[in-house]
Amino acid sequence: MLTMMLGLAAVMQGQAAAPAAPAAPTVAVRALKDLPGTTVGYYDVAGKKGPEIQNSLKALDADPTAKDKYGLYSWDVGARITKRTTGTVCTVDSSKATFTAKVNLPRLKDEAKVDKAILPNWRTYVGTLESQAASDLWFIHDRLPQLEQSMAKISCDQAAAKWNTGLAAIKAELVAKITARAAARAAAASAAAATPPPKKK
């Protein structure tokens, strides 16, 4: 959440300026509303001006007891395994992954009283959070069919270990994805900071 909060701080600093054009075309992300097993909740962010909203976000981010409420998302994958026994041999006949996720998005506590100049940037900020959650959670969901298929016909006594290993691999892929995204954002921010402002005519 802190990375996104810093992004919000950047746009709030230039709240009177027009939104900057994107550096590159964005890739369409499938919507959270279309992701099975996912619920979206909202938490209130106080403040009427940019600095007040930033301070509210910082306070939420610093609260160690509120991770479940203010963390961008959480997810879980359960398993339903059907077994087949022939004589004394037990094998996995089929498996079904059950995906669930909870997404937490910020909303302004009293939007009607918020400085109108910062509302477009706020909405961009929330939209970016939502797109990030959708991208990551769809990334997990898309890999579950392969995990299900990998379970077919293995010995029943190996099923739990096989499932856990496959799920751990998906988690590792997700961490690599998030790390690469953070590095790309940091590089873009550094490049932007190093670019001198245009000279006034």
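A. Representation of the pattern of salt bridges. Across all of its chains, the model carries nine salt bridges by this definition. Note that aspartate 44 and arginine 107 form a salt bridge whose closest N and O atoms lie 3.0 Å from each other. Of the two residues, aspartate 44 is situated in strand β1 (residues 38-45) and arginine 107 in strand β3 (residues 89-108); the sequence distance between them amounts to 63 residues. On the basis of relative accessibility, which here comes to 39%, the residue aspartate 44 falls in the partly exposed class. Taking relative accessible area as the criterion, arginine 107 reaches 42% and is therefore assigned partly exposed.

B. Inspection of the packing of aromatic side chains at higher detail. The tally for this structure, following the rule as stated, stands at two aromatic pairs. Taking the centre distance of 4.8 Å and the plane angle of 75 degrees together, the rings of tyrosine 43 and tyrosine 70 count as edge-to-face. Here tyrosine 43, found in strand β1, pairs with tyrosine 70, found in helix α3 (residues 67-70); they are 27 residues apart in sequence, far enough to count as distant. Note on accessibility: tyrosine 43 and tyrosine 70 belong to one class, buried. An angle of 50 degrees between the planes, with centres 5.3 Å apart, marks the rings of tryptophan 122 and tyrosine 125 as tilted. Of this pair, tryptophan 122 and tyrosine 125 both sit in helix α4 (residues 119-150), three residues apart, which is roughly one turn of that helix. Both residues of the pair, tryptophan 122 and tyrosine 125, belong to the buried class. One cation-aromatic arrangement involves arginine 143 over phenylalanine 139; the distance from NZ or CZ to the ring centre is 3.5 Å.

C. Here's a closer look at the state of the cysteines. For the coordinates displayed, the defined rule picks out one disulfide. One disulfide bridge connects cysteine 90 with cysteine 156, the sulfur atoms lying 1.9 Å from each other. When the S-S torsion is -75 degrees, as for the bridge of cysteine 90 with cysteine 156, the disulfide is left-handed. On the criterion of sequence distance, the pair formed by cysteine 90 in strand β3 and cysteine 156 in the loop between α4 and α5 (159-194) is long-range, its members being 66 residues apart. Note on cysteine 90: relative accessible area 23%, which makes it partly exposed. According to the relative accessible area criterion, cysteine 156 is buried, its value standing at 14%.

D. Local environment of the nonpolar core. Core analysis: the largest hydrophobic core is formed by 40 residues, its most contacted members being Ile53, Phe99, Trp122 and Leu137. Those elements that place two or more of their residues in this core are β1, α2 (50-61), β3, α4 and α5. At 13 residues, the largest contribution of residues to this core is made by α4.

Calculation notes
Residues numbered from 1 in each chain as written. Predicted model: local features only at pLDDT ≥ 70, side-chain atom pairs only at ≥ 80, totals over all residues. Heavy atoms only, no water. Salt bridge = Lys/Arg side-chain N within 4 Å of Asp/Glu carboxyl O. Helix = DSSP H or I, 4+ residues; strand = E, 2+ residues; numbered from the N terminus. Buried < 20%, exposed > 50% of the residue type's maximum accessible area, 1.4 Å probe, protein only. Phe/Tyr/Trp six-rings, centres within 6.5 Å; stacked < 30°, edge-to-face > 60°. Lys NZ or Arg CZ within 6 Å of the ring centre and 35° of its normal. Disulfide = S-S within 2.5 Å. Core = buried A, V, L, I, M, F, W, Y, C linked by side-chain atoms within 4.5 Å.

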